[in-house]
Every structure is written in structure tokens, then in C-alpha cells.
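# Structural overview for review
The residues making up each chain are set out below.
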Amino acid sequence: MVTILPFLFTEQGMRALTNIGQLIFKRFKASKAMVADADGITKLSLLIMGLGHLLRRQWVKGLVLLGAQIAFVFFMITSGINNLIGLGTLGTRSQERVWSEARGIYVVIPGDNSMLFLLFGVATVFIVLGFLALYWLNFKGAYANQKTLEAGKTPLSLKAEVGVYLNEKYHITVLALPILLTFLFTIVPLVFMILIAFTNFDRLNQPPGNLFTWVGFTNFSAALWQDPLKSRTFFALLSWTLTWAVLATGLNYVFGMVLAIMINKKGIQLKRMWRTIFVITIAVPQFVSLLLMSQLLADLGTFNVILRNLGLIDQNIRFLTDPTLAKITVVVVNLWVGVPYSMLITSGILMNIPTDLYESARIDGASAWVQFWKITIPYMLFVTGPYLITQFIGNINNFNVIFLLTGGGPLSLQYFQAGQTDLLVTWLYKLTVNEQNYSLASTIGIFIFMLSAFFSLVIFNKTTSLQQEEDFQ
Amino acid sequence: MNGLKQQQKVANGLIYFVLSTMSVVWLLPIVWLIISSFRKELGAYTPYVWPRELTLDNYILLFTDTQLFNYPRWFMNTLFVAVLTSIVSTVLVLLTSYALSRLRFKMRRPLMNVALVLGMFPGFMSMIAIYHILKAFNLTQTLYALVLVYSGGAALGYYISKGFFDTIPRSIDESAMLDGASKNTIFWKIILPLSRPIIIYTILISFIAPWVDFIFVSVIMKDNVSNYTVALGLYQMLSRENIFRYFTRFAAGSVLIAIPITLLFIYMQKYYISGVTGGSVKG
């Protein structure tokens, strides 16, 4: 779909597609062969699940599969089918006020709750998928049992089966809980959010009072070109987000490295003391330091007060309220917050650069400057490549620094619910919490994902080729 | 030779100067925070730098004046969430990184790629959905919901732990398997005892998270003040109505939680660096 498109254009994307295609094709061929080869009992288990196990003395597995089938059919008949239909319509009756003769007042009759429809619909889809997987396992198991019997051996007892799951198939046991929880708390909500981007769920269309419904790609087109206010906001925020990410990542990295090199230099005493001083500033929780800075730099805040007392300025500098100045301030404060981190990381690496590289360079007559450019920089970039990528993506989504310092302001009438220093992600927050325009928020979220994915893949591909070059050298 | 030595000395002197200036700049806001926490006069900022009167009232009032801002309650809430989160997260992360590091199975690469892709979605997005899902089941505004939110997706953050497990030599596993141990036994009896550093690191990282996060808790708790965590409570102290009266108390509250977190962080420092660089070098 739309989100996968950029991924497809990379070599890895193509390879992944062909792999998936091959897998499905192989499975299909295999299953056809298995059905042809299946005997009576195995074929029956296609109709009644668990039969292939029960009749071959694997009682527990068989009972579980049969129970699952009965439960599933029951579920589908009572609610499942309705849920799926509801998923398509997202509710048809809205809340009504009806005159009630008996009570002499207007009574509110609750209507369909679109949110619950969406929720149950999605849940039902997942249940159906889960059942299909179980169905496939049922058939595979029955067929495997058949083959075991044909070979003259007996199918595994319960005890032996448990042993397999603790050894050869241990990865299944170990990953079951993490995958389940990740699925419930990351994947299902994400699917949910992606679907909401295709609805018109906002403040006017909120359950339980009102319904919302599918609107297709309207939100996407509105953000991109149709609605001038929204699209102007989107592109302005997009360019600022990218500018910010580049500045924040680059400057932090450079300054951190410079700081690390200075501390690491031969002849500088008290290395640990210098490092600890800078570490203290990051150990203080980020929201505390940022809220602090927002007070220090306020229009009437301490910084301005001190500067005025010193006679350096007559008017308060609007660090956080003037559009251009706010952007600069935000980058500078981010330096204050982030340089200690990059200093720590680059320090660790600097200390690990093999000294014989420098020795041989010095013997060859290279000056300190040349050594720096030809040895230190390439080595650092090589090792911290992945770190830089994660930092860049992290800065695209860097909610705290912007929100706590300026609240995304100063607000602008030109933008839809956004300010001059808002990133796409803080705009997302405002749309959700203040404006309750969930559908637009989800749309923006999807765009942010596409942005992050695009950069990750492009930069990742470039650095892997760079790494191979380094190995050659 | 003398010229070079002179050059070195000048360079070093310059560096000391720069380092000292930078240290002052870096530490200044923190120092200001500590000073403000002892300041008696109210208000977010004063037209002068050093307080006219110093007092311990701000710290005392944090614990005694709990009508509007219940600091002790926030503290217990956050402690509760932090303990549960660190347990659940650590279990999830260790299981996942062990499986992806030591075990070989067909879906290994695809799973790692899926985790990578999932991590690219802004975390906030799934948070809104979780909020709606919880609302549909009337589970919002509880501390348990918060624990679930913080630790549910923990398995996705397996990189550092996996990097650590990768450094344990395979020969240990192999000799154990020759002796007839199942993979399960190997995990519990051999690998885990060797992994104390990374276990401690994971526990500490997931323990610190609820103390410093305020976005997630603000969306989940909304106006259920009795379930606020320290981060969200302190943030409320700085709202427009409250800031004049409560800024100095905010400073005191911040200092109180900054101290243990700073100590934890310094303790963890060595693991953090080796984790990030070790992971990236090994790939």
C-alpha cells in the first residue's frame, strides 16, 4: 500500500518481496501435494479439526483443536459476522432523541458506537486470521502423524512434545509471550490508527454522540493539496522538521566529538572530572531541564533580567516567542541537552582507536591536522554510522525538546492548529489532545512513518556499502 | 623540540579555558534550579540572582501541603509503575534478545526486520489507539494501563541486549548441548548467570523510564489527578495559574527526583557506553 511504496524501491525491498512470494508459492505447492497424499483420516480432519490427532492418540492436542473449532464457529455465528459487517459500515444509527410518552420527556436512545464497531471489526478480522493459522497447523499435524504411522513409528506423547518445545522449538516458547504482548500493544493499535486515518473521526464525528465513517484517501489528499490551510501547514512543518533534524543531529554530533577530543587529548588532566560534570546535566530528567530552560529564557525570565541588569540590552530578547529567534534558541538548547550524550559515545570510541594507526602516520610525517582528517574522522563515522541514523530519526520525532520549550509556538494564523516551531510530531499531539481531530492526526502519523522509513533505508543502504569499503581498506 | 612543547602548552591552556567555560555554561541552569528550590520568595524568576531569603520550606511543603499537589502520592504511584514496568520489560527483552541471538530459526531475520519497521512509527501514534481501546473497555486512567503501555512493546528494544548475548561464546552452548542439556536449561542455568551486567542495565533503564516520561501519562491519565506520576504532577505545577505560587516547590520536587536518577545514571554509565558502541561495532 502507500506506506510500502518507498520501501519497494530499494534492493532489499525487492528481495523481501521475492522471498515472500517464493514462500507463499512453496507453501501452496506443498499443501496441494499433501492433500493429494492424505489418507481418509487426514482428509476428514479438514472438516472436523483435531480428528487427525485424536484418532492417533494425541488426546490433548486433538481436544484443543476441536474445542477451538467449535468455539470459533459459535463466535462467528453469534457476533463475528455482525462485527465484520459493522466494520464495513461503522454504524448506521446515530444517537436519537425520542419523545417518550410514558415519561413525558425527551429520552436519548444511544446509537451505534463507531469506535466499538471499528474495534470489534478489527478484532474479528484478527480472530479469523488466527483461526486460519490454527486450521493450517491442524492439517499439518494430522498429515505429519499420518506419515509417522506409515513409517512405523508412533506420534509423540504429550511429555515428548513438551520436551521438543523446550529444545528444538525453544524459540517458539521463548518468543511466545513477547510476540503476544507486542502484538497486542504495538501492532493492533497501529493497525487501528492506520485505519482511523481513512475515516473522518474528529471532534464533530465522535462517538457516542455521533458516527464516523470511511472516507478513503480524503484526509491524505486534504493534507497534501486539497485543503490549502492544512497542506500549507503540513509542508511548512515538514521542511522545519527536516531542517531541525539535520541541525540537531549534525551540530550535536560535531560539538560532542570536539568536546570528547578535547578531553581525550594527551596532556589534559582530570579527564574523569570533566566527563562527570557533563554527565550530570543529562542525568537530570530531561523534562525538568527543559521546563527550567523555558522559564530561564522566557520574555521576562532570568536570562533577560540578568542581561538587563548588566546593561547589555534595554528590551527583553524574545528567545522563545519570536519566530526566527525561537528556532535558533531551540537548536541551541538542544545542544545543551544533547552534547553530553554524543560526547560520551564518541569518547568511548576515541579511546578505542588503535594507536598504531597514529604512530605509523606520525612516522610518515603527517601533522596532527592530517591525522585528524584521515584517521579519526573516517573511523568515527564508520563506527557511529548506525548511531547517527537513529539520532536523526529520533530528532524527527523529538517531541520533548520542542514541546516543553516553546509549546510549538509562537502560534501562527497561517497554520492549522500549529505554531512556528512545531514539528510534525508535536502537531500530531496537538491535533489529538486539543483538537481531537484523530483522523488527521493518524494521517500525519503515517506520513511521519513514511519519512522515517525512507531515511532509515536510504541511509542504511549507503552506510553498509561504506562499511564494506572500510573493511577493504 | 622546544617550539613544539610551547605549542602544546598553549594548546592545552586554550583547551582548559574552553572546558571550564563550557562546564560553567552547562552546570549553570542546574545550579539555578537548586538555588531556586531554597528560595523563599515566590515566583518563577526574580529580578535578582541570589535569593533574599533561604528556606527549607519548599521541601517541607512538598510533603505536607498535599491538597492541590500530592507529591508523596505521585511518588508512590511512579514507584509502583516503575517497579512493575522494570520487571515486565526486563523479562520481555531478555527472552526476545536471547531467542534472536542464540537460536536459529526460519523467521529470525523477518522478525528482526519487522521490529525495525515497527520502531519507525512515532510511538505516540500507537498510544492514542491504546487509549481508545482502553476507553472502550473502561480501563483508562489506571496505573495498570500505564504499566502496560510502558512495557507492552518492550520486546522491540532488544538491540543492546542482543549485542551483549552475541558476545558470549557459542562454545559454551555447544559443550552444554553435548552434555545433553536442552536449550531451556542452557538459558536458565548458563546464559542468565553470565549476563548480570546486561540484566542490571535493562532493569535500570526500564525503571527510570516512568519517572521521566510525561507524554504518555498525560494522555492516559487525563484528569485523574490521584493517579498522576511525578513527572506529570511537576509539569502541572508550571501551568499558568499555578506557576507563581509553586515554582520554587517545583524546583524542590525536581531536585528530589533528580538526585536518585542522577546516581542511577552515573552507576549505569559504563554499561550504557559499552552497550551502544559494542552493539554498533558488532553490527
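Calculation notes
Residues numbered from 1 in each chain as written. Chains lettered and ligands numbered in written order. Predicted model: local features only at pLDDT ≥ 70, side-chain atom pairs only at ≥ 80, totals over all residues. Heavy atoms only, no water. Buried < 20%, exposed > 50% of the residue type's maximum accessible area, 1.4 Å probe, protein only. Helix = DSSP H or I, 4+ residues; strand = E, 2+ residues; numbered from the N terminus. Arc of directions from axis to C-beta. Contact = heavy atoms within 4.5 Å. Buried area = accessible area lost by both parts, 1.4 Å probe. Salt bridge = Lys/Arg side-chain N within 4 Å of Asp/Glu carboxyl O. Polar contact = N/O pair within 3.5 Å; in protein donor to acceptor, adjacent residues only side chain to side chain. Nonpolar A, V, L, I, M, F, W, Y, C, P; charged D, E, K, R; others polar. 1 Å grid on protein atoms, 1.4 Å probe; cavity = no way out; pocket = protein on both sides within 12 Å on 5 of 7 lines; lining within 4 Å. Points joined across faces, edges and corners; volume = space filled by probe spheres on them. Patch = residues over 30% accessible without salt bridge, like charges linked within 9 Å, V, L, I, M, F, W, Y side chains within 5 Å. Areas by Shrake-Rupley, 256 points an atom, 1.4 Å probe, with all protein chains shown as cover. Phe/Tyr/Trp six-rings, centres within 6.5 Å; stacked < 30°, edge-to-face > 60°. Axes fitted to C-alpha atoms, helices over the stretch in contact; angles between N-to-C directions. Parallel < 35°, antiparallel > 145°, perpendicular 65-115°, else oblique. Left-handed = near helix turned anticlockwise from the far one by under 90°. pLDDT = per-residue confidence, 0-100. Core = buried A, V, L, I, M, F, W, Y, C linked by side-chain atoms within 4.5 Å. Lys, Arg positive; Asp, Glu negative; His and termini not counted. Charge placed at Lys NZ, Arg CZ, Asp CG, Glu CD.

Right, let's get into helix α4 (residues 108-118) of chain B. Within the span of α4 of chain B, buried status applies to R108, M112, A115 and L118 of chain B. Relative to the axis of α4 of chain B, the buried residues are bounded by an arc of 125 degrees and lie together on one face. Lining the buried residues of α4 of chain B we find α8 (170-196) of chain A together with α3 (71-102) and α7 (159-166) of chain B.

So, about the interface of chain B and chain A. Facing the 84 residues of chain B at the interface are 88 residues of chain A. Both faces considered, chain B and chain A share a buried interface measuring about 7,800 Å² in area, 81% of it formed by carbon and sulfur atoms. Considering only the side of chain B, the residues that lose the most area to chain A are W26, M120 and M125 of chain B, jointly responsible for 10% of the buried surface there. Here chain B and chain A share zero salt bridges between them. Remark: the boundary between chain B and chain A carries one residue pair in polar contact (both at pLDDT 80 or more). It is helix α13 (residues 243-282) of chain B that contributes the most residues to the side of chain B that touches chain A, 17 residues altogether. A breakdown of the residues in the side of chain B that touches chain A according to their chemical character gives 64 nonpolar, 18 polar and two charged.

A few words now on the layout of surface pockets. All names here are of chain A. If you add up the space inside the second largest pocket, you get close to 1,600 Å³. As for the second largest pocket, its lining consists of 35 residues, of which I261, K265, K266, A368 and Q371 are closest to the centre. Along the lines of polarity and charge, the residues of the lining of the second largest pocket split into 22 nonpolar, nine polar and four charged.

A surface patch of nonpolar side chains, about 500 Å² in accessible area, is lined by L177, L180 and L184 of chain A together with V83, I87 and V91 of chain B. Those elements that provide at least two residues to the nonpolar patch are α8 of chain A together with α3 of chain B. By the element assignment, L184 of chain A lies in helix α8.

This next bit is on the packing of aromatic side chains. Residues and elements named next belong to chain A. Counted under the stated rule, the structure contains 19 aromatic pairs over all chains. Centroid distance F234 to F235: 5.2 Å. Interplanar angle 70 degrees. Geometry classified as edge-to-face. A relative accessible area of 4% means that F234 is categorised as buried. Residue class for F235 comes out partly exposed when judged on its relative accessible area of 42%. Chaining the aromatic ring pairs together yields one cluster made of F234, F235 and F447.

Let us look at the pattern of salt bridges. On inspection of all chains with the given rule, the structure shows two salt bridges over all chains. Where K430 of chain A meets D422 of chain A, a salt bridge forms, and the shortest distance between an N and an O atom there is 2.8 Å. Overall, K430 of chain A belongs to the buried group, its relative accessible area being 8%. Of the charged contacts in the structure, one is a salt bridge between D57 of chain B and K40 of chain B, with a shortest N-O distance of 3.4 Å. Of this pair, D57 of chain B sits in helix α2 (residues 57-64) while K40 of chain B sits in the loop between α1 (2-37) and α2, placing them 17 residues apart in sequence. Taking relative accessible area as the criterion, K40 of chain B reaches 37% and is therefore assigned partly exposed.

Residue and element names in this part refer to chain B. Running from N to C, helix α8 (residues 170-178) and helix α9 (residues 183-194) point in directions that differ by 140 degrees, and their axes come no closer than 11 Å. In this view, α8 runs oblique relative to α9, as classed from their interaxial angle. Taken as a pair, α8 and α9 cross one another with a handedness that is right-handed. Contacts between α8 and α9 involve I172, D173, A176 and M177 from the first element and K183, I186, I190, I191 and L194 from the second.

Let us look at the confidence of the model for chain B. Residue and element names in this part refer to chain B. Summarising the model, chain B shows a mean pLDDT of 78, and 93% of its residues fall at 70 or more. When the elements of chain B are averaged for pLDDT, α13 gives the smallest value, 70, and α3 the largest, 87. Note that residues 276-283 has pLDDT below 50 and, in this model, 10 contacts with residues that lie over four places away or in other chains.

As a further point, take the nonpolar core. All names here are of chain A. F192, W244, L259 and W427 are the most contacted members of the largest nonpolar core, which totals 186 residues. Ranked by the residues each element gives to this core, the list is headed by helix α10 (residues 228-264), at 13 residues. Dropping the residues within four chain positions of it, W427 is found in contact with K230, T233, F234, L237, F416, Q417, A418, D422, L440 and I444. In this structure, L65, F72, M76 and F131 belong to the second largest nonpolar core, which totals five residues.

This brings us to a positive patch on the surface. Where like charges cluster on the molecular surface, the positive patch consists of K26, R27, K140 and K169 of chain A together with K106 of chain B. Secondary-structure assignment places K106 of chain B in the loop between α3 and α4.

A few words now on the environment of A82 of chain B. Residue and element names in this part refer to chain B. Among the secondary structure elements, A82 is positioned in helix α3. We classify A82 as buried; its relative accessible area is 0%. Spatially, the C-alpha atoms of A82 and G157 are 17 Å apart, while their sequence positions differ by 75 residues. Ignoring anything within four residues of it in the chain, the contact list for A82 reads S206, F207, P210 and W211.

All names here are of chain A. Between helix α5 (residues 59-89) and helix α6 (residues 114-150), whose axes approach to 9 Å, the crossing angle comes to 150 degrees. One way to sum up the angle between α5 and α6 is to call them roughly antiparallel. Every pair of crossing elements has a handedness; the one defined by α5 and α6 is left-handed. Across the interface between the two elements, L65, A68, Q69, F72, F75, M76, G80, N83, L84, G86 and L87 of α5 pack against F117, L118, F120, G121, V122, T124, V125, I127, V128, F131, L134 and N138 of α6. Its residues assigned to classes, the contact of α5 with α6 shows 16 nonpolar, seven polar and no charged.

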